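# Descriptive analysis of the structure
This is what each chain is made of:
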Amino acid sequence: MAIGLRHNKHSAKKTSSRLRRQIRVRKKVNGTADRPRLVVSKSSKHLFAQVIDDVAGVTLVSASTMESDLRGAEANKTDKAKTVGGLIADRAKAAGIDSVVFDRAGNKYHGRIAALADAARESGLGF
């Protein structure tokens, strides 16, 4: 029983630390109509990306691994993140967005987050 308590305490600390980092970064990173914010959030199974104009308070484009063509794909999570990065870049360019501000939402720039960012850059999205 003590192991379960220790695990919950550890995950609560990780979550609160991530939220602190997210708030600290969000003070400086702000999306405008000229350069919207590309925010990436993740769960244990899925990855979500949105391009947001913070001034107007609207989501301009989005992509995630929850979409039907990616849900059934037989690929690992990192490969799916690369696919989402390419999708978000293509959708943003179709909406007339060439440059964004990257917001990793307090997550480390590592693994799936880095794979998504690199794929978006390779597809022509500037940040």
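Residues numbered from 1 in each chain as written. Predicted model: local features only at pLDDT ≥ 70, side-chain atom pairs only at ≥ 80, totals over all residues. Heavy atoms only, no water.

Per an unreviewed UniProt entry, the chain goes by Large ribosomal subunit protein uL18 and derives from Kribbella qitaiheensis. What the UniProt record of the chain gives under Function (unreviewed entry) is the line "This is one of the proteins that bind and probably mediate the attachment of the 5S RNA into the large ribosomal subunit, where it forms part of the central protuberance." Among the UniProt annotations of the chain, the heading Sequence similarities (unreviewed entry) holds the following wording: "Belongs to the universal ribosomal protein uL18 family." (UniProt positions renumbered as here; feature names shortened; annotations may be inferred.)

### So, the side chain of R112
Within the element layout of this structure, R112 appears in helix α4 (residues 112-122). There is no salt bridge for the buried R112, and the closest opposite charge comes from D79, which lies 11 Å off by N-O distance. Within the structure, the side chain of R112 is placed 3.1 Å from the backbone oxygen of S43, a separation counted as a polar contact. What R112 contacts, discounting residues up to four positions off in sequence, is K42, S43, S44, K45, H46, L47, K77, T78 and A81. (Helix = DSSP H or I, 4+ residues; strand = E, 2+ residues; numbered from the N terminus. Buried < 20%, exposed > 50% of the residue type's maximum accessible area, 1.4 Å probe, protein only. Lys, Arg positive; Asp, Glu negative; His and termini not counted. Salt bridge = Lys/Arg side-chain N within 4 Å of Asp/Glu carboxyl O. Polar contact = N/O pair within 3.5 Å; in protein donor to acceptor, adjacent residues only side chain to side chain. Contact = heavy atoms within 4.5 Å.)

### Looking at the environment of I113
As for its position among the elements, I113 is in helix α4. For I113 and K82, which are 31 residues apart along the polypeptide, the C-alpha to C-alpha distance reads 9.1 Å. Ignoring anything within four residues of it in the chain, the contact list for I113 reads V40, K42, L47, F102, R104, N107 and K108.

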